[in-house]
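# Residue-level structural notes
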Amino acid sequence: EQLAESGRAKNIPILFTARSRNQCGALADSAAAVYGLSALGLRAGVEWLDIEANWPALERHAFVDWVRRRYPSTRILGSQHVVDEDHNVGQRAAVRLLHDCHLGGRADALKLVLAARDDRDSIALRSAAQEADLGTTPRVAICLGDAGRLSRVLNRVMTPVTHAKLGGAAAPGQLDAKTLM
């Protein structure tokens with residue numbers, strides 16, 4: 001009830017995210033756990049649903065099919081988080097990950113989050129987002145940490161931000177809206 005009221009009270013669309021541990025979240029690394037919580041968000045009437053692209057294709061596609069059948073007006077954000085600082089994702093791999101986030105062409109927008117060691121990683125991710133042949137599908141392409149702040153400035157769509165009154169960032173390197181502007 002609170003979820004539904006919070007967005008409608010301000011006429012702001014809600015993006016519902018159920019994030020597993022291996023994708024920087026708190027839920028068990030289980031598609032069933034993530035999809036179960038996602039279903040609660042859908043029943044609450046969220047406008048956007050974040051679907052992790054890391055699950056096996058058959059499970060992922062079955063869930064996307066179910067969402068499209070049962071909640072046809074809900075928009076889907078296909079996402080992937082690869083944030084192990086010891087694992088450098090190159091530009092070619094980032095393009096492949098963005099294609100995974102496209103969920104077989106059924107995502108309304110994409111989100112790829114990577115670790116960054118320096119500004120070059122942010123620039124490479126931005127280049128990958130521009131290079132990926134995904135039509136006009138909007139892409140969120142950001143890096144975490146202080147080294148990834150440049151990617152948040154370069155990103156043009158749905159950049160995750162916090163508010164100064166919240167007392168801190170929800171993710172490493174996240175900026176508040178005022179600073180980003």
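Let me begin by describing the structure that accompanies this report. (Residues numbered from 1 in each chain as written. Predicted model: local features only at pLDDT ≥ 70, side-chain atom pairs only at ≥ 80, totals over all residues. Heavy atoms only, no water.)

## Some points on the packing of aromatic side chains
- Taken as a whole and judged by the stated rule, the model has 3 aromatic pairs.
- A centroid spacing of 4.0 Å and a plane angle of 5° characterise the contact between Tyr-35 and Phe-63, whose relative ring orientation is stacked. With Tyr-35 in helix 2 (residues 31–43) and Phe-63 in helix 3 (residues 57–70), this residue pair connects regions lying 28 residues apart in the sequence. Here the two residues Tyr-35 and Phe-63 agree in accessibility, since each one is buried. (Phe/Tyr/Trp six-rings, centres within 6.5 Å; stacked < 30°, edge-to-face > 60°. Helix = DSSP H or I, 4+ residues; strand = E, 2+ residues; numbered from the N terminus. Buried < 20%, exposed > 50% of the residue type's maximum accessible area, 1.4 Å probe, protein only.)

## Considering the pattern of salt bridges
- With the rule as written, the count across this model stands at 7 salt bridges.
- Its salt-bridge partner being Glu-52, residue Arg-19 comes within 3.7 Å of it at the nearest N-O pair. Residue Arg-19 is found in the loop between strand 1 (15–17) and helix 2, and its partner Glu-52 is found in strand 2 (residues 48–52); the two are separated by 33 residues along the sequence.
- Of the residues examined, Glu-52 reaches a relative accessible area of 0% and is grouped as buried.
- With a closest N to O distance of 3.1 Å, Asp-108 and Arg-68 form a salt bridge. A residue pair is termed long-range when its members are at least 10 positions apart, and Asp-108 in the loop between helix 4 (91–101) and strand 4 (109–114) and Arg-68 in helix 3 qualify at 40 residues. (Salt bridge = Lys/Arg side-chain N within 4 Å of Asp/Glu carboxyl O.)

## Details of the sheet that holds strand 2
- Within the open sheet, the 5 strands sit side by side as 1-2-3-4-5. Their pairing is parallel. The outermost strands of the open sheet, each flanked by one partner alone, are strand 1 and strand 5 (139–143). Direction aside, neighbouring strands of the sheet carry axes that sit 25° apart on average.
- Bridge analysis of strand 2 against strand 3 (residues 75–82) gives 5 bridges, and the strand direction is parallel. Of the residues in strand 3, the one forming a bridge with Ile-51 is Gly-78.
- Packed onto the sheet, helix 4 meets strand 3 and strand 4 and runs at close to 140° relative to strand 4.
- Across the sheet, helix 5 (residues 119–131) lies against strand 4 and strand 5, angled at about 165° from strand 5, the strand it touches most. (Pairing = 2+ DSSP bridges. Axes fitted to C-alpha atoms, helices over the stretch in contact; angles between N-to-C directions. Contact = heavy atoms within 4.5 Å.)

## As for the pairing of strand 5
- Taking burial as the measure, the 5 residues of strand 5 include 5 buried ones, the bulk of the element.
- A two-sided burial pattern is seen for strand 5, the buried positions comprising Arg-139, Ala-141 and Cys-143 on one face and Val-140 and Ile-142 on the other.
- Relative to strand 5, strand 4 runs parallel, the two sharing 5 bridges. By the bridge assignment, Lys-111 is partnered in strand 5 with Val-140.

## Let's talk about the nonpolar core
- Residues Ile-51 and Leu-114 are the most contacted members of the largest nonpolar core, which totals 38 residues.
- No other element matches helix 4, which puts 5 residues into this core. (Core = buried A, V, L, I, M, F, W, Y, C linked by side-chain atoms within 4.5 Å.)

## Side note on the environment of Val-113
- Structurally, Val-113 can be placed in strand 4.
- On a C-alpha basis, the gap between Val-113 and Val-140 in space is 8.1 Å, while along the polypeptide they are 27 residues apart.
- Every residue in contact with Val-113, bar those within four places of it in the chain, is listed here: Gln-80, His-81, Val-82, Val-83, Ile-142 and Leu-144.

## Focus: helix 5
- Compared with the 18 Å implied by 1.5 Å per residue over 13 residues, the 18 Å span of helix 5 between its first and last C-alpha is a close match.
- Within helix 5, the full set of buried residues consists of Asp-121, Ser-122, Leu-125, Ala-128 and Ala-129. All buried residues of helix 5 lie within an arc of 120° about the axis, which places them on one face of the element. Seen from the buried face of helix 5, the exposed residues on the opposite side, beyond 90 degrees, are Arg-120 and Gln-130.
- On its buried side, helix 5 packs onto helix 4, strand 4, strand 5 and helix 6 (149–154). (Expected span 1.5 Å × (residues − 1). Arc of directions from axis to C-beta.)

## Here we look at the packing of helix 4 against helix 5
- Where helix 4 meets helix 5, the closest approach of the two axes is 9 Å, and the angle between their N-to-C directions is 50°. Between helix 4 and helix 5, the angle is such that the two are oblique. When the axes of helix 4 and helix 5 are compared, the crossing they make is right-handed. When helix 4 is examined against helix 5, the residues Gln-91, Ala-94, Val-95 and Leu-98 are found in contact with a partner set consisting of Ala-124, Leu-125, Ser-127, Ala-128, Ala-129 and Glu-131.
- Here the residues of the contact of helix 4 with helix 5 sort into 7 nonpolar, 2 polar and 1 charged. (Parallel < 35°, antiparallel > 145°, perpendicular 65-115°, else oblique. Left-handed = near helix turned anticlockwise from the far one by under 90°. Nonpolar A, V, L, I, M, F, W, Y, C, P; charged D, E, K, R; others polar.)

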